[in-house]
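# Structural description and commentary
Listed below, chain by chain, are the residues.
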Amino acid sequence: RLRISAYRYSEIDVLARASNMHRVNCVEYFLIFLFGISSVSASKRADADFSFASYYSDHMVLQKSPMKANIWGYLQNDAVNSQVFVELNNKKYEALYIKDSQTMHRWIVSLDPMEAGGPHFITATAGNASIVLNDVLFGDVWICSGQSNMQFTVSSVNNATAEIDAAANYPNIRVFTASLKDSTTPQIDLLGVEEMWSVAGPDSIGHGNWSYFSATCWFFGRNLYDSLKYPVGLVATDWGGTPVEAWSSPDALKKCFSEIECSESPENFEGPSNPSELWNAMIHPFLNMTIYGAIWYQGEANARSPNKYNCTFPAMIDDWRAKWYEATNMSTNKIFPFGFVQVSCVWR
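Predicted model, so just to flag it, every value in this text is computed and none were measured.

Conventions used here
Residues numbered from 1 in each chain as written. Predicted model: local features only at pLDDT ≥ 70, side-chain atom pairs only at ≥ 80, totals over all residues. Heavy atoms only, no water. Core = buried A, V, L, I, M, F, W, Y, C linked by side-chain atoms within 4.5 Å. Buried < 20%, exposed > 50% of the residue type's maximum accessible area, 1.4 Å probe, protein only. Helix = DSSP H or I, 4+ residues; strand = E, 2+ residues; numbered from the N terminus. 1 Å grid on protein atoms, 1.4 Å probe; cavity = no way out; pocket = protein on both sides within 12 Å on 5 of 7 lines; lining within 4 Å. Points joined across faces, edges and corners; volume = space filled by probe spheres on them. Disulfide = S-S within 2.5 Å. Expected span 1.5 Å × (residues − 1). Polar contact = N/O pair within 3.5 Å; in protein donor to acceptor, adjacent residues only side chain to side chain. Contact = heavy atoms within 4.5 Å. Salt bridge = Lys/Arg side-chain N within 4 Å of Asp/Glu carboxyl O. Pairing = 2+ DSSP bridges.

With that out of the way, let us pick up the nonpolar core. With 64 residues, the main nonpolar core has Tyr 56, Leu 62, Trp 107, Leu 111, Phe 286, Trp 296 and Trp 320 as its most contacted residues. Considering every element that reaches this core, the biggest residue donor is strand β11 (residues 129-146), with 8 residues.

Now the structure itself:
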């Protein structure tokens, strides 16, 4: 069962059917743009003078009302006198600037709350330049994170062929997968994208074993959609064989460890295990994106230290909530739903 921590998702009973997903006895848990080109789809962009952030593209889902969705990207400093505007449904929003470096500014816009549905197209302009997000839906956006059981893909589940073919019946579910990257410092944007936002279908859901798409994330989102009947956006950012410490910020870890302990890797694992290195590369970049909630499938990597996990896991949840709330300017609920699967067996 998937437990929802400290917040009730009132419209649906969110139970994950994990037993059908994993064949094991023990359940674990800113576009290349030169000023003068008129418009280029965001999904075809490259790093250049004016762009959206890496996880904004055609076919994406933005968080619906009552929250405000954020859109952000980059602008070269020598073009900063060209104010950035974002247009949606004939309304223009003026962007705020944040200076990132000697050569680049970030721009960010907070949209008015939008009802669920679509498709919409969203245009960002700076002087004579424009970039476009096509086929954008508004719905609920969920982060899916953890270790191998979250990374485990639909192509490996029981009855995989039928499940993959059935994905074509869910065009209003959109999926995104972050690349496996780690970092010693917090990253503003993703270091890589494995699967750009895609319409659910056999190719986007059944790409291959241990690539995309996450089985737990997919079945969770599909169950939500079957009850809610409005768009769902699923963001898979996970890595097998990783401990909770790697997914936790230094602030969260300080609640449970001394400074010396926080600087140490807890054990040797299959995946990255240094404190905060996956928080830095695979969670921190998403903080500017308004989300509805998160689900978490992890725990085996910490099974030998249950007493420590009793501190580190709740501390990570509290910290994710606080940081998303702050980074999205209070658009993300400060007690957003956080679902998790509890380890069902002891370490042997």
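Having put the structure on the table, let's press on.
This next bit is on empty space enclosed by the protein. For the largest cavity, the calculated volume is near 30 Å³. Around the largest cavity sit Met 150, Gln 151, Thr 153, Thr 177, Ser 211, Tyr 212, Phe 213, Ser 214, Ala 236 and Asp 238, which together line it. Contributing elements (two or more residues each) for the lining of the largest cavity: α1 (148-151) and β14 (232-238).

Here we take up the state of the cysteines. Applying the stated criterion to the full structure yields 2 disulfides. The disulfide that involves Cys 144 links it to Cys 217, with 2.1 Å between the sulfurs. Taking the torsion about the sulfur-sulfur bond, which here is approximately 65°, the covalent link between Cys 144 and Cys 217 counts as right-handed. Taken together, the residues Cys 144 in strand β11 and Cys 217 in helix α4 (residues 215-228) connect sequence positions 73 residues apart. By relative accessible area, which is 0% here, Cys 217 ends up buried. Each sulfur in the disulfide pair Cys 256 and Cys 311 lies 2.0 Å from the other.

Let us now look at α4. The end-to-end C-alpha distance of α4 is 20 Å, a good match for the 20 Å that 14 residues give at a rise of 1.5 Å each. Where burial is concerned, most of α4 is hidden: 12 out of the 14 residues are buried. Every buried residue belonging to α4 is among Ala 215, Thr 216, Cys 217, Trp 218, Phe 219, Phe 220, Gly 221, Arg 222, Asn 223, Leu 224, Tyr 225 and Leu 228, and all of these are buried. Near the N-terminus of α4, the side chain that reaches the backbone nitrogen of Cys 217, with its oxygen 3.2 Å away, is that of Ser 214. Positive phi appears at Lys 229, one or two residues downstream of α4, with a value of about 60°.

Here Asn 302 is to be found in the loop between β15 (293-297) and α8 (306-327). Looking at Asn 302, the relative accessible area reads 8%, which means it is buried. In contact with Asn 302, not counting residues within four places along its chain, are Pro 243, Val 244, Glu 245 and Tyr 309.

Applying the stated rule across the entire model yields 5 salt bridges. Taking the shortest distance from any N to any O, the salt bridge between Asp 135 and Arg 174 comes out at 3.1 Å. Of this pair, Asp 135 sits in strand β11 while Arg 174 sits in strand β12 (residues 173-178), and the two are 39 residues apart along the sequence. Taking the relative accessible area as the measure of exposure, Asp 135 reaches 23% and is therefore partly exposed.

With that settled, consider the pairing of strand β5 (residues 70-76). When you tally the buried positions in β5, you get 7 out of 7 residues, the bulk of the element. Neither face of β5 is left uncovered, since the one carrying Asn 70, Trp 72, Tyr 74 and Gln 76 and the one carrying Ile 71, Gly 73 and Leu 75 both have all their residues buried. The sheet contact formed by strand β3 (residues 50-52) and β5 spans 3 bridges and is antiparallel. Bridge assignment links Phe 50 to a residue of β5, and that residue is Leu 75. Taken together, the 7 bridges between β5 and strand β9 (residues 104-110) define a ladder with antiparallel strand orientation. Pairing of Ile 71 across the sheet is with Val 109, part of β9.

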